[in-house]
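# Examining the three-dimensional arrangement
As a plain string of letters, each chain reads:
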Amino acid sequence: YFFSVFKVFKSTNTMSALIPQNIPLTADLPFGLDVTSDVMLKHVQEVLTAFAVSVKDKALSLEDILVSFFTNKGVKDLMVAVSTLAVFSHEIHTQFKEHLHLLTATKQLKYFYNLPLGRLFCCLEDFWEGTAEAEWLLNLKTRVCTTAALAGTKPHQFFKEKKIDDYKDFAEHVEKVDPHAIYPTNIYRQCDGCTVSTEDCGTIESVMSTTLTTTIKTRKKVLDLADDTLSSIYRPLGRVVAIIDDKVEGFYGEDLIKYFAHHNIKYQKVVARGNEVDKSLEKVCEMLHELKKNGVSRNEPVLIIGGGVIADIAGFACGLYHRSTPYVMLCTSIVSGIDAGPSPRTCCDGFGYKNLYGAYHAPVLTITDRYFFTSLHEGWLRHGLAEIIKMATTKDYELFCLMQKAGPKLIRTKFGTVNLTDSPEDEEFDKLCDLVIGRALDSYVKSEYGNLWETHQCRPHAYGHTWSPGYELASGMLHGHAVATGMGFGAYLSFVEGWISEDEMKQVLTLISDMELSLWHDIMDEVDVVWSSQCKMVEKRGGHLCAPLPKGGLGKCGYLNDMPYDRLKQRLSEYKAICQSYPRQGYGLDVHCRDVGLEDPSVTAMHHMQNDLAAQAAEETKPTSYNEWIQQVQSTRNSDWKMNVAFSKAEDTKTPPAFEHNHLFHNGVEEYAMSMTSVPSQNVQTVAQATMENKMFAPCMVGTLEAQMLRMQVAVSRATRCLDVGTFTGMSAIAMAEGVPANGKVVTLEFDEKIADVAQKCFNESSVGDKIELIKGCAVESMQNLLSQGQKFDIIFLDADKDNYSKYYDLALSGLLSDDGFILADNSLCALLYDADDNRRQALHDFNQKVKNDSRVEQVMLSVREGITMIRPVPVRAAGTR
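A short tour of the structure in this document, coming up.

Analysis parameters
Residues numbered from 1 in each chain as written. Predicted model: local features only at pLDDT ≥ 70, side-chain atom pairs only at ≥ 80, totals over all residues. Heavy atoms only, no water. Helix = DSSP H or I, 4+ residues; strand = E, 2+ residues; numbered from the N terminus. Expected span 1.5 Å × (residues − 1). Buried < 20%, exposed > 50% of the residue type's maximum accessible area, 1.4 Å probe, protein only. Arc of directions from axis to C-beta. Contact = heavy atoms within 4.5 Å. Axes fitted to C-alpha atoms, helices over the stretch in contact; angles between N-to-C directions. Parallel < 35°, antiparallel > 145°, perpendicular 65-115°, else oblique. Left-handed = near helix turned anticlockwise from the far one by under 90°. Core = buried A, V, L, I, M, F, W, Y, C linked by side-chain atoms within 4.5 Å. Pairing = 2+ DSSP bridges. Right-handed = clockwise from strand over helix to strand, strands pointing away. Patch = residues over 30% accessible without salt bridge, like charges linked within 9 Å, V, L, I, M, F, W, Y side chains within 5 Å. Areas by Shrake-Rupley, 256 points an atom, 1.4 Å probe, with all protein chains shown as cover. Salt bridge = Lys/Arg side-chain N within 4 Å of Asp/Glu carboxyl O. Lys, Arg positive; Asp, Glu negative; His and termini not counted. Charge placed at Lys NZ, Arg CZ, Asp CG, Glu CD. Polar contact = N/O pair within 3.5 Å; in protein donor to acceptor, adjacent residues only side chain to side chain.

### Quick word on helix α15 (residues 281–293)
Compared with the 18 Å implied by 1.5 Å per residue over 13 residues, the 18 Å span of α15 between its first and last C-alpha is a close match. Turning to α15, its buried residues are V284, M287 and L291. Taken end-on, α15 shows its buried residues confined to a sector of 60°, consistent with a single buried face. Opposite the buried face of α15, by more than 90 degrees, sit the exposed residues E282, K292 and K293. Contacts made by the buried residues of α15 are with β4 (239–245), β5 (266–272), β6 (302–306), α16 (308–320) and β8 (345–350).

### Examining the packing of helix α25 (residues 527–540) against helix α26 (residues 565–579)
Each packed pair of helices is defined by two parameters, the angle between the axes and the distance between the axes. At a closest axis distance of 10 Å, the pairing of α25 and α26 adopts a crossing angle of 125°. When the axis of α25 is compared with that of α26, the two are oblique. Note that α25 runs across α26; the crossing there is right-handed. Within the contact between the two elements, α25 uses V527, D528, V530, W531 and Q534 and α26 uses Y565, L568, K569 and L572.

### As for the nonpolar core
Within the largest apolar cluster, 78 residues are counted, with the highest numbers of intra-cluster contacts made by L230 and L303. Here this core takes 8 residues from helix α3 (residues 37–55), the largest share from any one element. Sequence-distant contacts of L303, that is, excluding residues within four places in its chain, are made with L230, Y234, V240, V241, A242, I243, F260, V328 and L330. Core analysis: the next-biggest nonpolar cluster, separate from the first, contains 74 residues, L385, I437, I523 and L554 among them.

### A short note on the pairing of strand β13 (residues 721–725)
With 4 of 5 residues buried, β13 is to be regarded as a mostly interior element. Bridging between β13 and strand β14 (residues 745–750) involves 5 bridges; their strand directions are parallel. Bridge pairing in β14 links L723 to V747. Of the crossover connections in this fold, the one passing from β13 over helix α32 (residues 731–739) to the parallel β14 is right-handed.

### Comments concerning a negative patch on the surface
On the surface, D165, D169, E172 and E175 cluster together into a negatively charged patch. In this fold, E175 is placed in helix α12 (residues 168–177).

### Observations regarding the pattern of salt bridges
The full count for this structure, using the stated rule, is 49 salt bridges. A salt bridge links E133 to K56, with the shortest nitrogen-to-oxygen separation between them at 3.1 Å. Of this pair, E133 sits in the loop between α8 (117–128) and α9 (134–146) while K56 sits in the loop between α3 and α4 (62–71), placing them 77 residues apart in sequence. What makes E133 buried here is its relative accessible area of 11%. Residue K56 is classed as partly exposed on the basis of its relative accessible area of 34%. With a closest N to O distance of 2.8 Å, R370 and D434 form a salt bridge. Placement of R370 in the loop between β10 (365–368) and α18 (378–394) and of D434 in helix α21 (residues 424–448) is noted, with a sequence separation of 64 residues between them. Using a relative accessible area of 33% as the deciding quantity, one classes D434 as partly exposed.

### Section: the packing of α15 against α16
In the contact formed by α15 and α16, the axes pass within 9 Å of each other and the chain directions differ by 55°. The orientation of α15 relative to α16 falls into the category oblique. The two elements α15 and α16 cross, and the hand of that crossing is right-handed. Together, L281, K283, V284, M287, L288 and L291 of α15 and I310, I313, A314, F316, A317 and L320 of α16 make up the contact between the two elements.

### So, the environment of E175
In this structure E175 comes out as partly exposed when scored by relative accessible area, which is 39%. Once residues lying within four places of it in the same chain are set aside, the contact partners of E175 are I182 and Y183. A polar atom in the side chain of E175 sits 3.3 Å from the side chain of Y183.

### Description of helix α24 (residues 502–514)
Since the α-helix turns once every 3.6 residues, residues separated by three or four places project in the same direction. With 13 residues, α24 extends 18 Å from end C-alpha to end C-alpha; this agrees with the ideal 18 Å at 1.5 Å per step. For α24, the full list of buried residues reads M505, Q507, V508, L509, L511, I512 and S513. Those residues of α24 that are buried are in contact with α18, α19 (397–406), α23 (479–496) and α26. Backbone geometry just downstream of α24 places E516 in the positive-phi region, at approximately 65°.

### A closer look at the sheet that holds strand β3 (residues 215–218)
For sheets, the rule is that strands pair by backbone hydrogen bonds, running either parallel or antiparallel. Pairing is parallel in the open sheet, where 6 strands are placed in the order β3-β10-β7-β6-β4-β5. Edge positions in the open sheet fall to β3 and β5, since each of these has one partner strand only. Each strand axis lies, on average, 20° off the axis of its neighbour in the sheet, ignoring direction. The pairing of β4 with β5 spans 7 bridges and is classified as parallel. By the bridge assignment, V241 is partnered in β5 with Q268. The strands that α16 touches are β4, β5, β6 and β7 (327–331); relative to β6, the one it contacts most, it runs at about 165°. Each of β3 and β10 touches α21; the most contacted strand, β3, lies at about 165° to it.

### Regarding the pairing of strand β12 (residues 557–560)
Every second residue of β12 is oriented toward a common face, the buried set being G558 and L560 and the non-buried set C557 and Y559. Sheet topology note: the strand β11 (residues 547–550)/β12 ladder contains 4 bridges and is antiparallel. Bridging across to β12, P548 finds its partner in Y559. Counting the residues in the hairpin turn of β11 and β12 gives 6 residues, including G552, whose phi is positive at 80°.

### Points about the sheet that holds strand β17 (residues 817–826)
Pairing is mixed across the open sheet formed by 7 strands, whose spatial order is β15-β14-β13-β16-β17-β19-β18. Since the sheet does not close on itself, it has two edges, and those belong to β15 (772–776) and β18 (857–862), each with one partner. Each adjacent strand pair in this sheet contributes to an overall mean axis angle of 15°, direction not counted. Pairing of β14 with β15 involves 5 bridges; the strand directions are parallel. Bridge pairing in β15 links E750 to K776. Each of β17, β18 and β19 (868–873) touches helix α37 (residues 839–853); the most contacted strand, β18, lies at about 135° to it.

### Section: the side chain of T466
Its place among the elements puts T466 in the loop between α21 and α22 (469–475). Here the side chain of T466 touches R541 through a polar contact of 3.0 Å, side chain to side chain. If sequence neighbours within four positions are ignored, T466 has contacts with S533, M537, R541, L545, A547 and P548.

Put into structure tokens, the structure is as follows:
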């Protein structure tokens, strides 16, 4: 929605709409619609060089130099121009593809108004390199970055302190047309949307989009003190909050402390276990707690250091924290370096299944440094190769050839970081390692980033990840070995489908085997396990199997969407036979987590898997009709059932039967009932809050269930006048008032003046207070007065002192109740619930029996809350009928 300034210059009218007239851009700015990075580089260098020449010989303080910098017309026009760039557009990325380091800098310079001064000059450094004044400008940058009072200061703060008004109108205008450039929460993502509605706003349609920007870099020895990859990000912030894998901490902990200390950056680390068994929601929550404890800001990139598991769970924690906190991923393993690290799919395991929970949250910067691989166990390194093979097989044939050429030497030399000489052959191999990493990353992100939220399932990078997630944890396999078994099986399926030749299938299987990865694992003999995995994957993929397989040759991809159980069983058997002909009969080396010193995740996962299989078996034997369900399930569940129809009136008893419980229902019953009941109105909620605030006995409130029942009883019966005997804080009166029509009325009686005052206040604040009349005093006397006045009520709700229920009942039937009205007596089942020595228990029992034996009425006792008895006079009908 916001065009770049380059397009603006084509039209004066357009420019006036985007740029304030009192901040004119230089007329001769050499930018046009077809701007390239070369053009911009040339102009920025001219502006920065001219500024340097204008001030370098003057005896100015650092702050005065900065004042001159921001008030320099060329600099000012440049900053304004860059701030209007559409840095999230495809066009800008295409136009800058020859100078990607300038693109990275430009994407941040757009937000110069809020960029820390240290970071601002780090970005500008990419432009001034090679200029005549580069040395002076570098010295200026160093002075800014090493001056604590300035490095973290943002330009708008500096402008205010130094009373620089040059950007005031610019900021006010851009606040309206592109607020993201002035008040960014996160400079790495941008949102847009369009909303349309009907004239009456009865229907609203919207479309929303979020565009993310990220950078991926391969570096060597990033912790060398001279390397500024990390320091340029965190020095302006003054600190770095890092989540680091415990094993990485053991190898590189001291190096990290020295690096950040050298650059005067406060290093606050959170050490976390990064084993597969730790990939849980519990660990994610622990990380969230640490982020909160360290006061991480929403625009402060967290630094995550580790392998695939840490990338997944720490990235997930950042995605949840503040709903989106940026992070930088420093990858220390192959899995994180070319797959989990740059991936937007952060996650954790659950119920024995891989990656059940997660969020789409990509890092703002991914750094892959293969020199971290020197500390990896060969088994850890080997299993990471599977992630490269998957991309080579389905996306990049040249990468496939490179992997064939490199072979297991990648493992023995730990990707060219150990056991190499200065020979031309090894120098060439070192370059080959860089190329493998680079092409693997390139093919992965080109597949992943175009489908960021998995809105469709045509995903080449999911090759090998269709069946393996369901048995990886249960088998205890390392992730790469599990993926390798899926890739080998997938290559065979592709051959059977006629999508690749037999030779191409053998090339895939041979590459996997040469890298000492697994083609087969015995858990694959358990067809039901593999089938269960497939069923879960279909659920996860929106009802599609959509298994990516090589198709049309290696380096290309197609999708298998149909695999019935019997065919799966047959293909697994055939594939196993093929694997027997390969070295080690298709088994890999260092296959399991325990083989490389990691905890075994299989015990817990196997338990979940067995439960899943048992649930599937139970599902298959479920009755298919309602009658079958009655016969098979309900007959067993109700084996002790007793007749629930009475054939004669029960005999009176002197006392109520013994009842050892204080509640009618098991835990969870009323909670479930409430969760399925309409949420009470604001009027009712106000009463609840007032009751708590005034420290009244809250259990005396009728609560959600009974309030909603009262409201609906009143509405359904079309009652217009209700009598509420026992107001308490007013919830029942308000509920009934909400049910009566506009001309209806509720009279409510309360003896306690203090409680009555709270209720009256609630009535006054409610939307139905005009329908309610509160009478204070003895309820019996009040009812007698109402009777003498000839008043009648359609519903009379009894909820006052239980000793006098019989008196209230008699008064109601003496003329207060209308001919078609009914009585609701609350707490009638408290005849069971109250203590045996409580006289109210006996009083309620006597009342219940009195109603039961009264031939003038018919009644039903309902087990709602603590019991409600609905009573109505027997209709007068023709003789002999009832």
